[in-house]
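# Observations on the three-dimensional arrangement
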Amino acid sequence: MAPSKVLTGARVVLPTGIADGGRVIVDGTRIADRAPADAETLDATGHWLVPGFVDIHNHGGGGASFSGTAEDALTAVRAHRCHGTTTVVASTVTDDMGVLAKQAGLLSELAEQGEIAGIHFEGPFISPCRKGAHSEALLRHPDPAEVRKLIDAARGHAKMVTLATELPGGIDSVRLLAEHGVIAAIGHTDATYEQTLEAIGAGATVATHLFNAMPTLGHRAPGPIAALLQDERVTVELINDGVHLHQAALELAFHHAGAARVAFITDAMDAAGSGDGRYMLGPLEVEVADGVARLVEGGSIAGSTLTLDRAFRRAVTVDRLPVEDVVRALSANPARLLGMDDRVGSLEPGKDADLVLLDEDFALKGVMRRGEWVVDPLLG
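Anyway, here's the lowdown on the structure attached to this text.

Scoring rules and cut-offs
- Residues numbered from 1 in each chain as written.
- Predicted model: local features only at pLDDT ≥ 70, side-chain atom pairs only at ≥ 80, totals over all residues.
- Heavy atoms only, no water.
- Helix = DSSP H or I, 4+ residues; strand = E, 2+ residues; numbered from the N terminus.
- Rg over C-alpha atoms; globule rule 2.2 N^0.38 Å.
- Buried < 20%, exposed > 50% of the residue type's maximum accessible area, 1.4 Å probe, protein only.
- Areas by Shrake-Rupley, 256 points an atom, 1.4 Å probe, with all protein chains shown as cover.
- Phe/Tyr/Trp six-rings, centres within 6.5 Å; stacked < 30°, edge-to-face > 60°.
- Pairing = 2+ DSSP bridges.
- Contact = heavy atoms within 4.5 Å.
- Axes fitted to C-alpha atoms, helices over the stretch in contact; angles between N-to-C directions.
- 1 Å grid on protein atoms, 1.4 Å probe; cavity = no way out; pocket = protein on both sides within 12 Å on 5 of 7 lines; lining within 4 Å.
- Points joined across faces, edges and corners; volume = space filled by probe spheres on them.
- Nonpolar A, V, L, I, M, F, W, Y, C, P; charged D, E, K, R; others polar.
- Polar contact = N/O pair within 3.5 Å; in protein donor to acceptor, adjacent residues only side chain to side chain.
- Core = buried A, V, L, I, M, F, W, Y, C linked by side-chain atoms within 4.5 Å.

### Examining the overall build of the protein
When its secondary structure is counted, the protein shows 9 helices and 21 strands. Taken over the C-alpha trace, the protein has a radius of gyration of 20 Å; the compact-globule value for 380 residues is 21 Å, and the two agree within 12%. C-alpha atoms of the protein, sized along the principal axes, occupy 60 × 45 × 40 Å. Here the protein, with 380 residues, has 58% of them falling under the buried criterion. Looking at the protein as shown, the accessible area adds up to about 14,600 Å², and 48% of this sits on carbon and sulfur atoms.

### Some thoughts on the packing of aromatic side chains
Scanning all chains against the criterion turns up 4 aromatic pairs. Geometrically, the ring pair formed by Phe254 and Phe264 is tilted, given 5.8 Å between the ring centres and 50 degrees between the ring planes. With Phe254 in helix α7 (residues 247–257) and Phe264 in strand β15 (residues 262–265), this residue pair connects regions lying 10 residues apart in the sequence. With respect to class, Phe254 is no different from Phe264; both count as buried. Here the aromatic cluster, defined as three or more aromatic residues joined through ring pairs, consists of Trp48, Phe53, Phe312 and Phe362.

### Things to note about the sheet that holds strand β9 (residues 85–92)
Taken in spatial order, the 8 strands line up as β6-β9-β10-β11-β12-β13-β14-β15 in an open sheet, and their pairing is parallel. Where the open sheet ends on each side, the last strands, each with one partner, are β6 (53–58) and β15. The pairing of β6 with β9 spans 4 bridges and is parallel. Within β9, the position partnered with Asn58 by the bridge is Ala90. Where helix α4 (residues 170–179) meets the sheet, its contacts fall on β11 (158–163) and β12 (183–186), and the angle it forms with β11 comes to roughly 165 degrees. The sheet strands contacting helix α8 (residues 308–317) are β6, β9 and β15, and the helix crosses β6 at an angle near 110 degrees.

### Notes on empty space enclosed by the protein
What the rule picks out here adds up to 1 cavity of 30 Å³ or more. Within this model, the largest cavity holds a volume of roughly 30 Å³. Pro51, Gly52, Arg343, Val344, Gly345, Ser346, Asp352 and Asp354 together form the lining of the largest cavity. Considered class by class, the residues forming the lining of the largest cavity number 2 nonpolar, 3 polar and 3 charged.

### Overview of the pairing of strand β21 (residues 372–375)
Note: strand β20 (residues 364–369) against β21, 3 bridges, orientation antiparallel. Within β21, the position partnered with Met368 by the bridge is Trp373.

### Observations regarding the side chain of Ser108
Topologically, Ser108 is positioned in helix α2 (residues 97–112). Polar contacts involving the side chain of Ser108 include one to the main-chain carbonyl oxygen of Gly105, which spans 2.7 Å. Excluding residues within four positions of it along the chain, Ser108 makes contact with Ile119, Ala153, Ala154, Arg155 and His157.

### What to know about the nonpolar core
In a soluble, globular protein the nonpolar side chains are often hidden away together inside. Within the largest apolar cluster, 92 residues are counted, with the highest numbers of intra-cluster contacts made by Ile116, Leu210, Leu238, Phe254, Phe264 and Phe312. Among the elements that line this core, the one with the most residues is helix α9 (residues 323–337), at 7 residues. In this view, Phe312 contacts Val50, Phe53, Val323, Val326, Val327, Leu330, Leu358 and Phe362; residues no more than four positions away in its chain are not counted. If you look at the next biggest cluster of nonpolar residues, it comprises 16 residues, including Val12, Ala353, Leu357 and Trp373.

### As for the sheet that holds strand β16 (residues 277–281)
The strand order across the open sheet formed by 3 strands is β16-β17-β18, and the pairing between neighbours is antiparallel. Single-partner strands in this sheet number two, and they are β16 and β18 (292–295). Averaged over all neighbouring strand pairs, the angle between strand axes comes to 35 degrees, with direction disregarded. Sheet topology places β16 next to strand β17 (residues 284–289); 5 bridges connect them, and they run antiparallel. In the strand pairing of β17, Tyr279 is matched with Val286.

### With respect to helix α3 (residues 144–153)
Every buried residue belonging to α3 is among Glu146, Val147, Leu150, Ile151 and Ala153, and all of these are buried. The secondary structure elements touched by the buried residues of α3 are α2, β10 (119–122), β11 and α4. After α3 finishes, the residue Arg155 shows a positive phi value of roughly 50 degrees.

Laid out in structure tokens, this is it:
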């Protein structure tokens, strides 16, 4: 076990606010309220100290995806850990039901080992009108019996399912998910405002990448965006990479949902933390150019190459959001959604020692997961 550490001098972002010249005590794998006598003191003056990031929607990174082998999945996990994501949910993409069930079994083993926080099924229960980077030939209606097959295949590690809830079986599937403690997320949807309200009433609590892959906000037909923003029960995912959203759309979401209901995600695919080139997203080929991923056939945006440290830096330096609000969107809110806020999502005694060290310009300098440096800042 690594020696106990006391990080001092940083601007520490706590649930109660920012502590200038604060300190965080790490004892073993946890944050402690008292420092052991033999603790090593590390001077983090001139840095920001924030909780490890929690990503609830991530398809891969480091040149590998969560739709591949176990080693591929671990490669993706490690790539994002190096960018501050200490807790990640593995997202699948639309495929044959048998393939998805098999993948769920593989990923559930990684969840049992503590490498991932669970599984998110994005597709195949989505609208062909809003399919984005999903294979239309493999889409299907959200039959509750089919949804149940994926839940069972995940062996208790299914965390979220994205649905076009207006499709036949959609509302019943939302109820099924809610009964089993799995997040029902509305996304890749062509739903009306009224249909979206019905789904929220049935138990849907997340908007999958709000604004993207859904009808635009209209003054006579407000569609799903208005319903998802106005309901206090819904947390909205946002991809803050400067490609998926205009800055005004981001500001609109924060203004109407408030900082307590926003979760920044990556929706990352293989190229995150890697580079330009050709990749596969499920069964579809993707071209990444200048960091933007698009389907080779059709040109639709195909996930992102985003990492959460970049989302953080953009949020505070470009979007000019308060640091405390950004920390909530990157850590506390997604941890709460996953039911893991007793362990991760904030810097409090008793929680996992998951933290990110940023310099005064919000560039990542260090990452700790469960008391061990993933990226060592080499503090004196």
